[in-house]
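Fold and geometry: a report
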Amino acid sequence: MKKLFDQERVVGAALMVFSITALVILLLIMLFILDGGLPLFNKVSVSDFLLGDKWVPAKGLFGASQFIVAALLVTFGAILLSVPLGISCAVFLAEIAPGWAKRIVRPAIELLAGIPSIIYGVFALIIIVSLVRVTFNVATGETILAASIVLAIMILPIIISISQDSIESVPRLYKEGSYALGATDWQTIHRVLVPAAGPGIVAGIILAMGRAIGETMAVVLVIGNVEKMPAGLLDPGETLTSAILLEMGEAVVKSTHYNALFCLGLVPFILVLFMSVLSSRLTTKNKARFA
Amino acid sequence: MKAVSVFLVLGLVLFSGCAGKDSADLVIAGSTTVQPIVTRAAEVYSKEHPDTSIGVEGGGSGTGIRMVGEGSVAVGASSRELSSEEKRAHPDLTVNTIAIDCIAIVVNPSNNLSNSSLSLAEVRDIFSGKITNYKELGGPDRRIVLVEREDGSGTRSMFESMVMNNTDVSDAALQKPASGAIRFTVSGNENAIGYLGIGYLDGSIKPIAVNGVLPSEESVRAKSYPLSRDLYLITKGKPSGLAGEFIDYLLSDAGQDIVKEEGFIRLE
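Note that the coordinates shown come from a computational prediction; the quantities given were computed from them, not determined experimentally. (Residues numbered from 1 in each chain as written. Chains lettered and ligands numbered in written order. Predicted model: local features only at pLDDT ≥ 70, side-chain atom pairs only at ≥ 80, totals over all residues. Heavy atoms only, no water.)

Details of the overall build of chain B
- Along chain B, the regular secondary structure elements total 10 helices and 11 strands.
- Taken over the C-alpha trace, chain B has a radius of gyration of 19 Å; the compact-globule value for 268 residues is 18 Å, and the two agree within 12%.
- Among the 268 residues that make up chain B, the fraction classed as buried is 52%.
- Counted over contacts in chain B with a minimum sequence separation of 6, partners at least 24 positions apart contribute 74%. (Helix = DSSP H or I, 4+ residues; strand = E, 2+ residues; numbered from the N terminus. Rg over C-alpha atoms; globule rule 2.2 N^0.38 Å. Buried < 20%, exposed > 50% of the residue type's maximum accessible area, 1.4 Å probe, protein only. Contact = heavy atoms within 4.5 Å.)

Laid out in structure tokens, this is it:
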């Protein structure tokens, strides 16, 4: 028995080392981004960076508010489009779909999550951009709306899987109690099941927001990349990540421009970090409620 | 911090979607304008010399110059001359001219502007945002959608120095990370006007005559078309070894045939 005990300890220790590696990598990345970005603020004030809207590296202007606004607009647009669709789909899969439909739809949705983002981008460039241009009769379809639509499709799998899991983890008792009171299927779904799964669903939405704000490749292809404050969803824009992708190849290492691009990366990094913490808190809370 | 730049370069190579083979004996990185010539030449050269492998990567002229300056690749491809900062940072770089490129101003084939000619000043007014509607040029009442390359692109810096003349391109212009992306956008949008290397001209877009001259081999050679430039392969010091042989090959008749096949203009 003693030998087995040792084996357990060795495996345990090895696993711990591996999981700490992930943490160390995260910390290192954070250090690199901070190290690359913070020198900017010796030259440009934090408020000029966050609130300025002129980005002309050659003239030393590093106002990033138009990138931040574009990134937030794209993200909220995507959430607005995907949340109703995602939750409906999750409810259908968890409560209504017959077994065979579930067996086909769920893997199909999970497959959607595995498609590389460049493929989504090319699809959107060919289909969605033209669709937006013709539908809204605008000069170019490369708009924030086009980016929101493609992001909405990309984050659907996250919202659907997490929402479905949350709805399915609501204890049977809740459902049976509701039926026992004479509630119909629909009343049970929208008055009992969805509210009970609420924190889990919200956690999924937050996770999806993090994914949307960081997505680069699909967005850069369809958003037009115009360094001007967008006036609405039908304007082109440029997100934080697309600015980095477009300019990092040219920025001279260690120049102010280079530092500024790292700072552009710092913004979504902090937002996503914050969102992930919030999301995992909500998930834990959800689990505790039904434990 | 060296590590950071290595990661960045790696990332950029991945983004450009054409990472070279690990085992390549010679890696050429940089300008996406020069890329089709070098890629084709590398294919032919490797066929003639089966024991050598040549990797070709994109990244843009600036990236190519930086990588050859830092020694991470043997040859950098550039569609512009070295800037004064680049000369200062890497004084030992040699610039080898391998072909002539010319920039075409392009519109969608359904745009009737393709039948007329613009002056350089008109092109400048269009791209600076002074002219915003095709009706100001005698066309239909449609908004002009400008399409330009990203900051740091060799094609863009050529366009800015040859056309814009210290005027800024309008901040309403859509920015594209590659010439192919410009062609794609212009071919799909009848309101769009953009610029790209003559090598990217095909049936999906139409060039506009500048000062009455359409871009072509003859007009560039005769110096009557105003927007042309040389393309370079950059090496550390005089080209030697495999890099030297490859550049010699590009300058040979066979190499210059490839230059022509890819839609660029042979050196005389």
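There is more to say after this.
With respect to the domain arrangement of chain A
Residues and elements named next belong to chain A.
- Looking at the assigned domains, one finds that chain A contains domain 1 (2–41) and domain 2 (43–289).
- Put simply, the middle of domain 1 and the middle of domain 2, counted by C-alpha atoms, are 28 Å apart.
- Where domain 1 abuts domain 2, roughly 1,100 Å² becomes buried across the two surfaces, and 80% of that area is made up of carbon and sulfur atoms.
- Per-residue buried area on domain 1 facing domain 2 is highest for Ile33, Leu40 and Phe41; these three make up 57% of the total on that side.
- Linking domain 1 to domain 2 there are 0 salt bridges.
- Applying the counting rule to domain 1 against domain 2 returns 2 residue pairs in polar contact (both at pLDDT 80 or more).
- Taken together, the residues of the side of domain 1 that touches domain 2 sort by class into 10 nonpolar, 2 polar and no charged. (Domains from an automatic or database assignment. Buried area = accessible area lost by both parts, 1.4 Å probe. Salt bridge = Lys/Arg side-chain N within 4 Å of Asp/Glu carboxyl O. Polar contact = N/O pair within 3.5 Å; in protein donor to acceptor, adjacent residues only side chain to side chain. Nonpolar A, V, L, I, M, F, W, Y, C, P; charged D, E, K, R; others polar.)

A closer look at the side chain of Asp101 of chain B
All names here are of chain B.
- In this fold, Asp101 is placed in strand 4 (residues 93–107).
- Within polar-contact distance, the side chain of Asp101 engages the backbone nitrogen of Ile198 at 3.4 Å.
- Setting aside residues no more than four positions away along its own chain, Asp101 makes contact with Thr33, Gly197, Ile198, Gly199, Ser228, Arg229, Leu231 and Phe264.

Things to note about the packing of helix 6 (residues 144–168) of chain A against helix 8 (residues 185–214) of chain A
Residue and element names in this part refer to chain A.
- Taken N-terminus to C-terminus, the directions of helix 6 and helix 8 make an angle of 150 degrees; their axes are 8 Å apart at the nearest point. One way to sum up the angle between helix 6 and helix 8 is to call them roughly antiparallel. The two elements helix 6 and helix 8 cross, and the hand of that crossing is right-handed. Residue-level contacts link Leu151, Met154, Ile155, Ile158, Ile159, Ile162, Ser163, Ser166 and Ile167 of helix 6 to Leu193, Ala197, Gly200, Ile201, Gly204, Leu207, Ala208, Arg211 and Ala212 of helix 8.
- Of the residues belonging to the contact of helix 6 with helix 8, the class tally is 13 nonpolar, 4 polar and 1 charged. (Axes fitted to C-alpha atoms, helices over the stretch in contact; angles between N-to-C directions. Parallel < 35°, antiparallel > 145°, perpendicular 65-115°, else oblique. Left-handed = near helix turned anticlockwise from the far one by under 90°.)

As for the interface of chain A and chain B
- Contact with chain A, which involves 29 residues of that partner, is made by 31 residues of chain B.
- Taking both partners together, chain A and chain B bury about 2,600 Å²; carbon and sulfur atoms supply 58% of that area.
- Interface area lost by chain A to chain B is led by Ala139, Leu246 and Glu250 of chain A, which between them contribute 21%.
- Joining chain A to chain B, the criterion identifies 2 salt bridges.
- Taking the shortest distance from any N to any O, the salt bridge between Lys176 of chain B and Glu142 of chain A comes out at 2.5 Å.
- The interface formed by chain A and chain B holds 9 residue pairs in polar contact (both at pLDDT 80 or more) in total.

Here we look at the environment of Val132 of chain A
Residue and element names in this part refer to chain A.
- Structurally, Val132 can be placed in helix 5 (residues 117–136).
- For the pair formed by Val132 and Cys263, sequence separation is 131 residues and the distance between their alpha carbons is 32 Å.
- Sequence-distant contacts of Val132, defined by excluding residues within four places in its chain, comprise Asn137, Val138, Gly141, Thr143, Leu145, Ala146, Ile149 and Leu234.

Thoughts on the domain arrangement of chain B
Residue and element names in this part refer to chain B.
- Assigned domains of chain B: these are domain 1 (5–100 + 231–261) and domain 2 (101–228).
- On a C-alpha basis, the centroid separation for the pair domain 1 and domain 2 is 27 Å.
- Across the contact, 10 residues belong to domain 1 and 11 residues belong to domain 2.
- Summing both partners gives a buried area of about 790 Å² for domain 1 against domain 2, and 47% of it is carried by carbon and sulfur.
- Three residues stand out in domain 1 for area buried against domain 2, namely Thr32, Thr33 and Ile100, and they jointly supply 55% of the buried area on that side.
- On inspection of domain 1 and its partner domain 2, the count reaches 0 salt bridges.
- Our count for the domain 1 to domain 2 interface comes out at 2 residue pairs in polar contact (both at pLDDT 80 or more).

Some details on unusual backbone geometry
- In this structure, Asn137 of chain A takes a positive phi of about 50 degrees despite not being glycine.
- For Asn137 of chain A, a relative accessible area of 70% corresponds to the exposed category.

Thoughts on the pairing of strand 6 (residues 145–149) of chain B
Residues and elements named next belong to chain B.
- Of all the 5 residues making up strand 6, 5 are buried; the element is thus mostly covered by neighbouring parts of the structure.
- Of the two faces of strand 6, the one carrying Val145, Val147 and Arg149 and the one carrying Leu146 and Glu148 are both buried.
- In this structure, strand 6 lies alongside strand 8 (residues 192–197), joined through 3 bridges in parallel fashion. In the strand pairing of strand 8, Val145 is matched with Ala192.
- Note that strand 6 and strand 7 (residues 174–176) share 3 bridges and pair parallel. Residue pairing across strands places Arg149 opposite Lys176, the latter belonging to strand 7. (Pairing = 2+ DSSP bridges.)

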